[in-house]
Amino acid sequence: MSRNGTGGGPAPGLHQHLKTALARCPELEAAHQHIRDFGEILTCHLGALLLDWIDTVVRDDLPALTGYARSTNNSFDAPAVEFHVSERIDAPRSTHL
């Protein structure tokens, strides 16, 4: 639901406020980009990029994201299985056994 009451997107000027906030805080900008990248990895089933994403987040040393990235790295098999299962579900199915 939008704040402008029309249901058509964010309130006027909200995007500019976000850009201004991100420009003033490099850590927030980095976190914003890491979260967008992670969303793309999940949405586009780009599991092969997950380890690089984890390394980049840990290197940037943003406390909240670093903890999450490290915990993801510790259980990397689970996301890898999820990506594999998703790819299999999307694959064409055979009609014979």
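Please read these numbers as outputs of a predicted model, since none were measured by experiment.

S.K.: Summarise the side chain of T66; cite the residues concerned and give the values.
M.R.: You can see T66 is positioned in helix α4 (residues 63-74). In this view, T66 contacts V57, V58 and D61; residues no more than four positions away in its chain are not counted.

S.K.: I'd like to hear about the nonpolar core, residue by residue, with values.
M.R.: One finds A30, A31, F38, I41, L50, W53, I54, V57, L62, L65 and A69 forming the largest nonpolar core, which totals eleven residues. Those elements that provide at least two residues to this core are α2 (26-43), α3 (50-60) and α4. The contacts of V57, once residues within four sequence positions are left out, are H34, L62, L65, T66 and A69.

S.K.: Let's hear about the packing of helix α1 (residues 14-24) against α2: which residues, and what values?
M.R.: When two helices pack together, their arrangement is given by the angle between the helix axes and the distance between those axes. It is the contact of α1 with α2, at a shortest axis distance of 5 Å, that shows an interaxial angle of 120°. From α1, L18, A21, L22 and R24 reach across to α2, where they touch P26, L28, E29 and H32. The residue makeup of the contact of α1 with α2, split by class, is five nonpolar, one polar and two charged.

S.K.: Outline the side chain of H34, supporting the account with residue identities and numerical values.
M.R.: When you line up the elements, H34 lands in helix α2. Not counting residues up to four positions away in its chain, the partners in contact with H34 are W53, T56, V57, D60, L62 and L65.

S.K.: Give me the lowdown on α3, citing residues and values where you can.
M.R.: All of the buried residues along α3 are L50, W53, I54 and V57. Here the buried residues of α3 occupy an arc of 100° about the axis, which is enough to place them on one side. Phi for D61, located one or two positions after α3, is positive at around 55°.

Rules used in this analysis
- Residues numbered from 1 in each chain as written.
- Predicted model: local features only at pLDDT ≥ 70, side-chain atom pairs only at ≥ 80, totals over all residues.
- Heavy atoms only, no water.
- Helix = DSSP H or I, 4+ residues; strand = E, 2+ residues; numbered from the N terminus.
- Contact = heavy atoms within 4.5 Å.
- Core = buried A, V, L, I, M, F, W, Y, C linked by side-chain atoms within 4.5 Å.
- Buried < 20%, exposed > 50% of the residue type's maximum accessible area, 1.4 Å probe, protein only.
- Axes fitted to C-alpha atoms, helices over the stretch in contact; angles between N-to-C directions.
- Nonpolar A, V, L, I, M, F, W, Y, C, P; charged D, E, K, R; others polar.
- Arc of directions from axis to C-beta.

These results come straight from atomic positions and should not be treated as a statement about function.
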